[in-house]
Amino acid sequence: MGKSFAVIGDPIDHSLSPNIHNAAFRELDLDSSYIAYRIPKGELEGGIEGLKKIKIDGFNITIPHKIEMMKYLDKIDEICNLIGAVNTVSNKDGILKGYNTDMDGFLEPFKKKELNIDGINALLIGAGGAARAIVAGFTKEKAKSITIANRTLEKATSLSKFAKTIGLNANAIEIKDIKDTISNYDVIVNATSVGLKNESSVIELKGINEKTIVYDIVYMPMNTDFIKKAKVEKATIIYGYEMLLGQAVKAFEIWHGIEAPYNAMKKAVLGGF
Ligand SMILES: NC(=O)c1ccc[n+]([C@@H]2O[C@H](COP(=O)([O-])OP(=O)(O)OC[C@H]3O[C@@H](n4cnc5c(N)ncnc54)[C@H](OP(=O)(O)O)[C@@H]3O)[C@@H](O)[C@H]2O)c1
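Residues numbered from 1 in each chain as written. Predicted model: local features only at pLDDT ≥ 70, side-chain atom pairs only at ≥ 80, totals over all residues. Heavy atoms only, no water.

Observations concerning the overall build of the protein chain
Applied cut-off: A run of H or I in DSSP counts as a helix once it spans at least four residues, and a run of E counts as a strand once it spans at least two, with each numbered from the N terminus. Put simply, the radius of gyration uses C-alpha atoms, and a globule should come to 2.2 Å times the residue count raised to 0.38. Relative accessible area decides the class of each residue, using a 1.4 Å probe on protein chains only: under 20% of the type maximum gives buried, over 50% gives exposed, and in between gives partly exposed. Every residue pair with non-hydrogen atoms within 4.5 Å of one another is taken to be in contact. Methods summary: accessible areas were calculated by the Shrake-Rupley approach with a probe of 1.4 Å, and residue burial reflects only the protein chains presented. Only four residue types enter the tally: Lys and Arg on the positive side, Asp and Glu on the negative side, with His and both chain ends excluded. Positions of charges follow a simple convention, taking NZ of Lys, CZ of Arg, CG of Asp or CD of Glu.
Per the secondary structure count, the protein chain includes nine helices and 12 strands. For a compact globule of 273 residues, the expected C-alpha radius of gyration is about 19 Å, and the protein chain comes in at 18 Å, within 12% of that figure. Oriented by its inertia axes, the alpha-carbon framework of the protein chain measures out at about 60 × 35 × 30 Å. The buried share among the 273 residues of the protein chain stands at 51%. For the protein chain, the proportion of contacts with a sequence separation of at least 24, taken over those separated by at least 6, is 66%. With an accessible surface of roughly 13200 Å², the protein chain has 49% of that area assigned to carbon and sulfur atoms. Distance between charge centroids for the protein chain: 2 Å, based on 35 positive and 34 negative side chains.

Below you can see the structure in the form of C-alpha cells.
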C-alpha cells in the first residue's frame, strides 16, 4: 500500500514541502503522497487524532506547533529532546516518534560547500525555535563562540544560557547593540522572521568581507534584503532554501530509510520560486 505524509501548520498554503517530497517520490517511483494540512493554533490535539485515524506514515510540523507537538509524542529522538522542538514525526502502528531535522538541515549547506564551523565566531540574530536548533548545530560543529542578538533581550539571554549548558561560549545582546561590531564575526545568521514580508534587514552589513558567511534562514523570497546587502559586500551566501532542502532530505531519510534524491528535491525547491 502507498504511504502518506503531510506537513501541518498555519499558515500552510505556501509551503514548499509538498513539492519537495512529491518530487522525490516521482524520482524514485515511490507509491507515496505528501499533502499540506492546515491545523490552526489551539487545534493540534484533534488534528493529530485525525492524522492517526487515516494512518499517516509521517508528518512535518511548522509554525506554530513545533514546541506544543512535543507533548503528543510517544518517543523522542535525542537531538529533538535537546532542542525541545519537533519538526518531523514518524508513525509506526500509532506510535509517534519525534525528530528535529532543522539542526542537520542548517548544517548541510556548510558541509556541501566545505565551509568550516570549527573555531569560528558566530553572530546569531533571533532567539526563537529555529535559533535553538542553530545553537545546537554550532555547538555540534565546535564553533568558538556565539553572540545571540534579539529584539527581546530576555529570550536571547535564555538561549545563551542554553548554549552554555551544552558547551558553547555564548553571550546575549539586543539587536540595536550590534552596531559596528559586525566585522568581528565569521558567520552571521538571520534567524528572525524578518524578510518574509520583504521588510528591510534587521541590521546593516557594512564592514564584512568576502570571507564572511552570511546565512538567511528566511527562504521566501529567495533574495531577501539581508541577502541583497550581503551580496553588495561580496560575502559568501547561504540561502534559506538550502536549509529547507537539508531538513527535507533528513526527514525523507528517516521515513524511507533510503538515500534521498537530493538533486530532484533541489530542483523542486527552486521551481517553487
Ligand atoms: N529555511 C528553513 O528551513 C527554516 C526552518 C525553520 C524556520 N525558518 C524560518 O525562520 C524564521 C524564524 O522561525 P522560528 O520558528 O524561530 O520563529 P519564532 O520562534 O516565532 O521566532 C521569531 C524570531 O523573530 C524575531 N522577530 C520577529 N519579528 C521581528 C521584528 N520585527 N524585528 C526583530 N525581530 C523580530 C523574534 O524576536 P522576539 O523574540 O523579540 O519576538 C524571534 O527571535 C521564520 O521565518 C521561519 O519561516 C526557516
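A closer look at the site of the ligand
To be explicit about the condition: For this description, a residue counts as near a given molecule or strand if any of its non-hydrogen atoms is within 4 Å of it. Residues adjacent in sequence count toward polar contacts only when both atoms are side-chain atoms; beyond that, a polar contact is any pair of N or O atoms within 3.5 Å, and within protein one must be able to donate a hydrogen and the other to accept it. For every domain, the bounds stem from an assignment made automatically or drawn from a database.
Around the ligand, a shell composed of 23 residues is seen, among which A130, N150, R151, T152 and I217 lie nearest. Interatomic distance of 3.0 Å between a backbone N/O atom of G129 and an oxygen atom of the ligand. At 2.8 Å from an oxygen atom of the ligand is found a side-chain nitrogen or oxygen belonging to N150. Considering the ligand on its own, with 930 Å² of exposed area, one finds that the protein chains cover 79% of that surface. Secondary structure elements with two or more residues in the shell around the ligand: α5 (129-140) and α8 (240-256). Two domains each put at least three residues into the shell around the ligand: domain 1 (3-100 + 243-271) and domain 2 (103-238).

Things to note about the sheet that holds strand β4 (residues 75-76)
The cut-off we apply is this: Strands were regarded as paired on the criterion that DSSP finds at least two bridges between them. Structural elements are reduced to axes, namely lines fitted to C-alpha atoms, with helices fitted over the stretch in contact, and the angle between N-to-C directions of any two is expressed from 0 to 180 degrees.
Reading across the sheet, the six strands line up as β2-β1-β3-β5-β6-β4 and stay open at both edges, with mixed pairing between neighbours. Looking at which strands have only one partner, the edges of the open sheet turn out to be β2 (32-38) and β4. Relative to strand β3 (residues 58-61), strand β1 (residues 3-9) is paired through four bridges, and the arrangement is parallel. Opposite A6, over in β3, you have F59 as the bridge partner. Against the sheet, helix α2 (residues 44-53) engages β1, β2, β3 and β6 (95-99), with an angle of about 170° to β1. Sheet strands in contact with α8 are β1, β2, β3, β5 (88-92) and β6, and its direction is about 155° off that of β3.

Focus on the domain arrangement of the protein chain
Buried accessible area, meaning the area lost when the parts come together, often serves as the stated size of an interface. Cut-off, in case you're wondering: Here the quantity called buried area is the total loss of accessible area, with a 1.4 Å probe, experienced by two parts when brought into contact, counted for both. Residues were grouped as follows: Ala, Val, Leu, Ile, Met, Phe, Trp, Tyr, Cys and Pro as nonpolar; Asp, Glu, Lys and Arg as charged; and all remaining residues, including Gly, as polar.
As far as domains go, the protein chain holds domain 1 (3-100 + 243-271) and domain 2 (103-238). Inter-centroid distance (C-alpha atoms) of domain 1 to domain 2 is 25 Å. When the two sides are added together, the surface that domain 1 and domain 2 hide from each other amounts to roughly 1300 Å², 75% of it contributed by carbon and sulfur. In terms of surface lost to domain 2, no three residues of domain 1 exceed L82, I83 and M243, which account for 44% of the buried area on that side. Across the domain 1-domain 2 interface, the total number found is one residue pair in polar contact (both at pLDDT 80 or more). Elements represented by at least two residues in the side of domain 1 that touches domain 2 include exactly α3 (78-83), α8 and α9 (262-271). Split into classes, the residues belonging to the side of domain 1 that touches domain 2 amount to eight nonpolar, three polar and one charged.

Here we look at the pattern of salt bridges
To keep it simple, the criterion reads: Any carboxyl oxygen of Asp or Glu within 4 Å of a side-chain nitrogen of Lys or Arg constitutes a salt bridge here.
According to the stated counting rule, one finds 11 salt bridges in the structure shown. The salt bridge partner of K112 is E108, with a shortest N-O separation of 3.1 Å. Of this pair, K112 and E108 both sit in helix α4 (residues 102-112), separated by four residues, roughly a single helical turn. Residue classification places K112 among the partly exposed positions, given a relative accessible area of 48%.

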